[in-house]
Amino acid sequence: MKFSNFFIPTLKESPSDVKMRSHDLMIRSGMIRQETSGIYSWMPLGFKVLKKIIDKIELLHDDNGINQILMPTIQSSDIWRISNRYDTYGKEMLRISDRNNKDLLYGPTNEEMITAIGKQYIKSYKNLPRKFYHIQTKFRDEIRPRFGVMRAREFLMKDAYSFDIDNVNGESTYCDFFKLYLKIFSQLGIPIIPVRALSGEIGGKLSHEFHLIVSSGESEIFLDNKLLNQSFGSLTLNQILNLNSYTDEYFKNIENKKNLEKFTSIELGHIFLFGTKYSSSFNFYIDSEKGKVMPYMGSYGIGISRIPAAVIEFSNDKDGIIWPKELSPFSVHLININIDDSECSEFCEKLYNEIKERNIDVIYDDRNERPGKKFSDADLIGIPLQIICGNAYSKNREISFLKRFNKEQINIGEERVMDKLLEMTGYKK
Ligand code: ATP
Ligand code: MG
């Protein structure tokens, strides 16, 4: 993509009510635009990051036999009356009435709807287990929307739901989702910490949240700091349950508080085995070898649109964003600082085409702008590798490679540029 073609409406300053670093950087790098309180448009650069997250989540869910569906944003109040949540959900629920005065609502979550779907189609234990997910906009009328897309009113969530025959099978599905979440976050380049959460009013006994530790986070978690370097991928259910890491609410309930350290963090995911709560209120029974039983259900959420903000909060410096390669909107940022020099421009154009031919996602700054502006924009939008063609090319046929995270810069002769690029972006096998 050529910078001149790609719409990146960078700003010099954010509005004065912007209080969090990630919010400031997302606004200034032209990733998002506020439409009204807690409601945002995603501009091309921001949407590209969002799509990367969506693609990864879809790939790994599909791989695990979880069926993608798309439920609507608008729901009927009827199903929420069945679960009794229409009255208890509170003011976070946006209630709407249509022209026939029918009570509708903008879905804050989908347990009721998936239970209604399950009840209609799943009649026998032979149909279980079943797992579904969708990626859909949610609305929660948060009392204090803030920090941009971090705590928005309208936001994008992946929510999955499972149906099992009994508790034992439900726990095994829960364990599979736990591991799937670790894999997803690891492949997104996010050092996630799973923490035990209270199951709260919903009942059932299993719930975990997935947190990213950052000093400006709104959540508090407590953990044995040895866990910071642990990989959790091969844990059994028992080991998962015995992990020494807890949400703030859970921490208040445990007795042995020794060796636990407090961290502030951002919640990016939440999984829940709530058992028969919704199947019982919906009178949802299936035939089994033991007669009619209520399916055992779970729900599993990832805050997709919160992830870019959390990652920026975790990884930035005074000049801007520093994307991990897994989430970066582009892999390489090619910068031509001598566009008036025909040799420089020819070289860049040729290199740009070669990079594209190798299916490496590159943005080429071909704009007629001052070098200072190009450098500051490149640092602001934070692509991990900058390749700069300027005076060193005119003099010695050399190109500069600059790593965004530590600003380490080396010069490479033009004939070695592609090899070095493949090596540094990890595309070389
Ligand atoms: P929080 O504790 O941050 O309010 P929650 O517990 O209400 O979140 P869940 O119902 O567990 O959220 O939703 C699943 C995920 O959706 C959360 O882990 C979070 O990443 C994301 N999320 C929830 N509320 C918001 C919001 N207002 N804006 C952006 N993302 C959100
Ligand atoms: Mg939660």
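Residues numbered from 1 in each chain as written. Chains lettered and ligands numbered in written order. Predicted model: local features only at pLDDT ≥ 70, side-chain atom pairs only at ≥ 80, totals over all residues. Heavy atoms only, no water.

## Overview of the site of ligand 1
Rule in force here: The nearness test applies per residue and asks whether one of its heavy atoms lies within 4 Å of the molecule or strand. Throughout this description, a polar contact denotes any pair of N or O atoms lying within 3.5 Å of each other; where both atoms belong to protein, one of them has to be capable of donating a hydrogen while the other can accept it, and for residues adjacent in sequence the pair is counted only when both atoms sit in side chains. Exposure was quantified through the Shrake-Rupley algorithm and a 1.4 Å probe, taking into account, for residues, occlusion by the shown protein chains and nothing else. What counts as a helix is a DSSP run of H or I of at least four residues, what counts as a strand is a run of E of at least two, and both are numbered from the N terminus.
By nearness alone, 14 residues border ligand 1, and Glu-142, Arg-151, Ala-152, Glu-267 and Arg-306 come closest of all. At 2.9 Å, a side-chain N or O of Arg-151 approaches an oxygen atom of ligand 1. Separating an oxygen atom of ligand 1 from a backbone N or O atom of Leu-268 is a distance of 3.4 Å. Relative to its free-state accessible area of 580 Å², ligand 1 is covered by the protein chains to the extent of 81%. Residue assignment for the shell around ligand 1 shows that the elements contributing at least two residues are β8 (154-164) and β13 (261-275).

## Here we look at helix α10 (residues 307-314)
Filter applied, for reference: Here the term buried applies to any residue with accessible area under 20% of the maximum for its type, exposed to any over 50%, and partly exposed to those in between, with areas from a 1.4 Å probe on protein chains only.
Within α10, seven of the eight residues are buried, leaving the element largely enclosed by the surrounding structure. All of the buried residues in α10 are Ile-307, Pro-308, Ala-309, Ala-310, Val-311, Ile-312 and Glu-313.

## Quick notes on the coordination of the magnesium ion (ligand 2)
Here is the rule we go by: For Na, K and Ca the donor cut-off is 3.2 Å, and for all other metals it is 2.8 Å, counting N, O and S atoms only; because water is absent from this set, sites may look incomplete.
At this site the magnesium ion (ligand 2) is bound by Glu-267 (OE) and His-270 (ND1), with donor distances of 2.3 to 2.4 Å. Residue Glu-267 is classed as partly exposed on the basis of its relative accessible area of 24%. Under the relative-accessibility criterion, His-270 is labelled partly exposed at 24%.

## Some words on the side chain of Glu-209
Heads up, the condition is: Charge assignment in this entry is limited to Lys and Arg as positive and Asp and Glu as negative, and neither His nor the chain termini are counted. In what follows, salt bridge is the name for a side-chain nitrogen of Lys or Arg lying within 4 Å of a carboxyl oxygen of Asp or Glu. Contact definition: two residues touch when any of their heavy atoms are within 4.5 Å.
By secondary structure assignment, the location of Glu-209 is in strand β10 (residues 206-213). Within the buried core, Glu-209 has no salt-bridge partner, and the shortest N-O distance to an opposite charge, that of Arg-306, equals 8.1 Å. Within the local environment of Glu-209, its side chain forms a polar contact with the side chain of His-211, the two groups lying 2.7 Å apart. Contact partners of Glu-209, with chain neighbours within four places excluded, come to Ile-193, Pro-194, Val-195, Ala-197, Thr-247, Glu-267, Gly-269 and His-270.

## Section: the layout of surface pockets
Empty pockets left among the atoms are what a rolling probe the size of a water molecule brings to light. Operational definition: A pocket here means an open set of points on a 1 Å grid, computed over the protein atoms alone, that has protein on both sides within 12 Å along at least five of seven lines. A cavity is instead a set of points where a 1.4 Å probe fits but cannot get out; residues with an atom within 4 Å of a point line either one. Grid points are joined across faces, edges and corners, and a volume is the space filled by probe spheres set on the points. Put simply, Ala, Val, Leu, Ile, Met, Phe, Trp, Tyr, Cys and Pro go in the nonpolar bin, Asp, Glu, Lys and Arg in the charged bin, and everything else, Gly too, in the polar bin.
Considered as a void within the structure, the largest pocket measures approximately 1,400 Å³ in volume. Around the largest pocket sit 50 residues that line it, and Arg-140, Glu-209, Glu-267, His-270 and Arg-306 are the ones nearest its centre. Listing elements by their share of the lining of the largest pocket, those giving two or more residues are α4 (85-88), β8, β10, β11 (219-223), α8 (248-253), β13 and β16 (296-302). At seven residues, the largest contribution of residues to the lining of the largest pocket is made by β13. Of the residues that constitute the lining of the largest pocket, the class distribution is 19 nonpolar, 16 polar and 15 charged.

## Quick look at the pattern of salt bridges
Taken as a whole, this structure holds 33 salt bridges when the rule is applied. Between Lys-48 and Asp-361 there is a salt bridge, with the nearest N and O atoms lying 2.3 Å from each other. Highlighted residues: Lys-48 in helix α2 (residues 44-63) and Asp-361 in the loop between α11 (342-357) and β20 (362-365), separated in sequence by 313 residues. Residue Asp-319 is joined to Lys-318 by a salt bridge in which the shortest nitrogen-to-oxygen separation is 3.2 Å. Sharing partners across several salt bridges, the network here consists of Asp-317, Lys-318, Asp-319, Asp-379, Arg-404 and Lys-407.

## Some details on the sheet that holds strand β21 (residues 385-389)
For the record, the criterion: By definition, two strands form a pair when at least two bridges between them are found by DSSP. Whenever a helix is involved, its axis is fitted only over the stretch in contact; in every case the axis is a line through C-alpha atoms, and angles between N-to-C directions fall within 0 to 180 degrees.
An order of β20-β19-β21-β22-β23 is seen for the five strands of this open sheet, with the pairing classed as mixed. Two strands in the sheet have a free side with no partner beyond their single neighbour: β20 and β23 (409-413). Averaged over all pairs of adjacent strands, the angle between strand axes in this sheet comes to 20°, irrespective of strand direction. Relative to β20, strand β19 (residues 332-336) runs parallel, the two sharing four bridges. The partner of His-333 across the bridge, within β20, is Ile-363. The strands that helix α12 (residues 371-381) touches are β19, β20 and β21; relative to β19, the one it contacts most, it runs at about 175°. Across the face of the sheet, helix α14 (residues 417-425) comes into contact with β19, β21, β22 (398-403) and β23 while running at roughly 10° to β22.

## Some points on the domain arrangement of the chain
The test is simple: Throughout the structure description, domain borders are defined by an automatic or database domain assignment. The term buried area refers to how much accessible surface (probe radius 1.4 Å) is lost by two components on association, counted for both of them together.
Taken as a whole, the chain is organised into domain 1 (21-317) and domain 2 (332-425). If you average the C-alpha positions of domain 1 and of domain 2, the two centres end up 40 Å apart. Contacts between domain 1 and domain 2 engage six residues on the former and five residues on the latter. For the pair domain 1 and domain 2, the two sides together bury roughly 470 Å², of which 52% comes from carbon and sulfur. Linking domain 1 with domain 2 are two salt bridges. At the surface where domain 1 touches domain 2, the tally comes to two residue pairs in polar contact (both at pLDDT 80 or more). Elements with a contribution of two residues or more to the side of domain 1 that touches domain 2: α1 (21-28) and α2. A class-by-class count of the residues in the side of domain 1 that touches domain 2 yields two nonpolar, one polar and three charged.

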